[in-house]
Amino acid sequence: MEYIKLIGVLVIILGFAFKLDTVAVVIISALVTALASGIDFTKFLEILGQGFMNNRMVSLFFLTLPMIGVIERHGLKESAVSLIQKLQNLTPGRIFDIYLLIREAASLFGISLQGQVQFIRPLINPMAQAAASVETKLTNKQVDRIKARSAATENFGNFFSQNLFVASAGVLLMASTMKSLGYKVSPNGIALYSIPVAVLTIVLVFWYNHMFDRQLLKEGKNND
């Protein structure tokens, strides 16, 4: 009968399948699991409250929102757009390199660019296609590859640099979770050790973009 304790997983699956309120589904799932495990309601509330207290550092993220709003209000995104637009006569790979640097710099200060919607689709992808079509006409396959590479650059920059900001929700969640498990981990330490990952990402993506440019150039010569 130990498997009955997994009933909480079934509650989550059904709750998400029927698109019910996420918070309610998780709490109900936890309650059902507790009752199935022989934990009374009072003890369940105690565990729930203790879990909230152990992870309360996550709420510090909201204190950074006013600062981020002020920076964006004074034209941070517009400045980034203007900078990219001024960079002409570049290869697709170099455009991706520049955007990756901007993306990681924004993550360092906890600024969300919502890159796929606000940058990649309306700006980076068209610029990369225009840069690649200077020397030769692009095939449909090449266009699709540039689109994919544009999206991949955003994903690399976002995923591997999101922990650079010490007050980001992910950093605070990891710090509070590890602390609740008995490990001495600070948000500053997580952000510090995320720097080598971000630097390595830049190096590898730069190399890949360089190879991408060489491949496009070679294909262009073969088409001629």
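Right above here is the structure, for reference.
Cut-off values and rules
- Residues numbered from 1 in each chain as written.
- Predicted model: local features only at pLDDT ≥ 70, side-chain atom pairs only at ≥ 80, totals over all residues.
- Heavy atoms only, no water.
- Axes fitted to C-alpha atoms, helices over the stretch in contact; angles between N-to-C directions.
- Helix = DSSP H or I, 4+ residues; strand = E, 2+ residues; numbered from the N terminus.
- Parallel < 35°, antiparallel > 145°, perpendicular 65-115°, else oblique.
- Left-handed = near helix turned anticlockwise from the far one by under 90°.
- Contact = heavy atoms within 4.5 Å.
- Nonpolar A, V, L, I, M, F, W, Y, C, P; charged D, E, K, R; others polar.
- Phe/Tyr/Trp six-rings, centres within 6.5 Å; stacked < 30°, edge-to-face > 60°.
- Buried < 20%, exposed > 50% of the residue type's maximum accessible area, 1.4 Å probe, protein only.

Points about the packing of helix α1 (residues 7-17) against helix α2 (residues 22-36)
Next up, step 1: Interhelical geometry of α1 versus α2 gives an angle of 160° and a closest axis separation of 8 Å. Considered as vectors, α1 and α2 are oriented roughly antiparallel to each other. Viewed along their axes, α1 and α2 form a crossing whose handedness is right-handed. Every residue of α2 that contacts α1 at Ile 7, Gly 8, Val 9, Val 11, Ile 12, Gly 15 and Phe 16 is listed here: Thr 22, Val 25, Ile 28, Ser 29, Val 32, Thr 33 and Ala 36.
Next up, step 2: Across the contact of α1 with α2, the residue classes break down as 9 nonpolar, 5 polar and no charged.

Focus: unusual backbone geometry
Next up, step 1: The backbone of Lys 19 shows a phi angle near 55°, a positive value even though the residue is not glycine.
Next up, step 2: Residue placement: Lys 19 occurs in the loop between α1 and α2.

A few points about the packing of helix α6 (residues 92-108) against helix α7 (residues 115-132)
Next up, step 1: Packing of α6 against α7 leaves a shortest axis separation of 8 Å and a crossing angle of 155°. In terms of orientation, α6 and α7 fall into the roughly antiparallel class. Crossing hand, α6 versus α7: right-handed. Contact with α6, carried on its side by Pro 92, Ile 95, Phe 96 and Tyr 99, involves Gly 115, Phe 119, Ile 120, Ile 124, Met 127, Ala 128, Ala 131 and Ala 132 of α7 and no other residues of that element.
Next up, step 2: Considering only residue class, the contact of α6 with α7 consists of 11 nonpolar, 1 polar and no charged.

Regarding the packing of aromatic side chains
Next up, step 1: On inspection of all chains with the given rule, the structure shows 4 aromatic pairs.
Next up, step 2: A ring pair is formed by Phe 159 and Phe 160, whose centres lie 5.0 Å apart and whose planes are at 85°; its orientation type is edge-to-face.
Next up, step 3: Here Phe 159 falls in the exposed class, since its relative accessible area comes to 53%.
Next up, step 4: In textbook terms, an aromatic cluster arises when at least three aromatic residues are bridged by ring pairs, as seen for Phe 156, Phe 159 and Phe 160.

Re the side chain of Asn 125
Next up, step 1: Checked against the element boundaries, Asn 125 lands in helix α7.
Next up, step 2: Those residues in contact with Asn 125 that lie beyond four places of it in its chain are Ile 120, Ile 146, Lys 147 and Ser 150.

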